[in-house]
Amino acid sequence: LIDVANNTEIRRGPHYRSNAEYLQALVPEASVVKGFNVLSAYALENGGLQGNKEVYIAGNDPDAKVKVSLLIRGAGFTPVDWGMIKAARDIEDIPLKFMPSWRRPVAVVFGLFLFVSLIALFSFQICRNIETGRWTENWSSMFNKNFNRVIAVVALWTLAFCYLPGLLAAYIQLWRGTKYSRFPNWLDDWLKMRKQLGLIMLGLASMHACMSVAYITPQTLAWVYRPATNIRVLVEAPNGTTIEKTMQLYDFEFNWRGELFLTLGAIATCLIIILGITSLPSVTAAMSWREFTFVQSKLGWVCLITASMHDVFLAWKYMFQYFGCFDILPIGPQYALYPTALCVLLKLPLLLPPIDNHLQRIRRGYERSSKKKQSNSA
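Note that the coordinates shown come from a computational prediction; the quantities given were computed from them, not determined experimentally. (Residues numbered from 1 in each chain as written. Predicted model: local features only at pLDDT ≥ 70, side-chain atom pairs only at ≥ 80, totals over all residues. Heavy atoms only, no water.)

Trainee: I would appreciate a short explanation of the overall build of the protein in the present structure.
Mentor: Broken down by element type, the protein carries 15 helices and eight strands. Buried positions account for 38% of the 378 residues belonging to the protein. For the protein, the exposed surface amounts to about 22,500 Å²; the carbon and sulfur share of it is 63%. (Helix = DSSP H or I, 4+ residues; strand = E, 2+ residues; numbered from the N terminus. Buried < 20%, exposed > 50% of the residue type's maximum accessible area, 1.4 Å probe, protein only. Areas by Shrake-Rupley, 256 points an atom, 1.4 Å probe, with all protein chains shown as cover.)

Trainee: Sorry if this is basic, but what is going on with the UniProt feature "transmembrane region" (unreviewed entry) in the protein here?
Mentor: The sites that carry the UniProt feature "transmembrane region" (unreviewed entry) are, in the present numbering, residues 106-126, 146-172, 197-217, 260-287, 299-316 and 336-355. Secondary structure across residues 260-287 comprises 82% helix and 0% strand; the distance between its end C-alpha atoms is 33 Å. (UniProt positions renumbered as here; feature names shortened; annotations may be inferred.)

Trainee: I would appreciate a short explanation of the pattern of salt bridges in the present structure.
Mentor: What the rule picks out here adds up to eight salt bridges. When the shortest N-O distance is used, the salt bridge between Arg182 and Asp188 registers 3.5 Å. For Arg182, a relative accessible area of 61% corresponds to the exposed category. Of the residues examined, Asp188 reaches a relative accessible area of 17% and is grouped as buried. (Salt bridge = Lys/Arg side-chain N within 4 Å of Asp/Glu carboxyl O.)

Trainee: Just to check I follow, could you spell out a nonpolar patch on the surface for this structure?
Mentor: Side chains of Ile231, Val235, Ile243, Met247 and Leu249 sit close together on the surface and give an oily, nonpolar patch of about 390 Å² of accessible area. A total of three residues in the nonpolar patch trace back to one element, the largest contributor, which is strand β6 (residues 242-249). The class for Ile243 is partly exposed, based on a relative accessible area of 42%. (Patch = residues over 30% accessible without salt bridge, like charges linked within 9 Å, V, L, I, M, F, W, Y side chains within 5 Å.)

Trainee: Just checking my understanding: could you explain unusual backbone geometry for this structure?
Mentor: Glycine aside, residues mostly have negative phi angles, and peptide bonds mostly take the trans form. The phi dihedral of Phe36 is positive, around 70 degrees, even though this residue is not glycine. Along the chain, Phe36 turns up in the loop between β2 (33-34) and α2 (41-45). At Met99, a residue that is not glycine, the phi angle is positive and equals roughly 50 degrees. Considering the arrangement of structural elements, one finds Met99 in the loop between α4 (88-93) and α5 (103-132). Looking at Met99, the relative accessible area reads 42%, which means it is partly exposed.

In structure tokens, the structure reads:
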């Protein structure tokens, strides 16, 4: 007897029983197996399209669970045995959980967003108003310029944070000489949320690209366009008099930095979309491990470098300048590169053939301690 029921809320208590346990008590002569409750009607109708979907089962009768497992596989899904029927309490809670694997990544990115927003607020509003003594200026740019700058920086940081834990894990494996010891809990959690960080980064990068289309003009980013032409014009004043003024006639053609800035941004956006699509379970299931590794690792690093160079060519002229109160704050495109620079510095030693070969041996199962034991026993 397969129990597919779910709860309407997560319930706990000293006398709490799952629906499957209650059903087993009602029909003691039957072998009750909990299962299929984690599937939607759509998934049941399209099982072949979601063959990697796991279906959790629990029950006290091993033979009954074998039969249910065969039924699950026949429907195009993967059975996962959680043990005795008491485990149905946890299985019934799964459909009621709200994005459990997304809470920590969202909190991390939101914290980064607040941190960078405070820097931008201090730099572009508070400091400039202190310097001019007029506290009524620059506040309107918070909702466009500041936001676009902030999401650009956070997107690049988030992309770098997708690759930084893998580098740290590689150095830990080299230090320990084995791949079989567990990573620290903080690093293990960081490695597990890379997929969510990547998808959040895709959303941020998409917003930045859309806003930049409307935001980038010769008036806002004059240094990536060809120089404007100064012209002298006669302006008629309201009182009928004419005033001679010097005005700038903007050239809407990019200079060479602007061309590279735009091209690299488009390439980075394309690669980010590819990374996001291939991280979807349905797409991942259709790829071999070698294909998935190539996209997420090789193309991922190309995307990180391309996005960083997009940032470099945007602010090439101002990259080593400081501003803000007393000129102590780096510009946004400068501190946007800090995590990327750290990733590159950690990656370069791992590319050296001796270190790379040793790391690959460790990941294939070599253990430095086992070799020592063999030599001592000999």
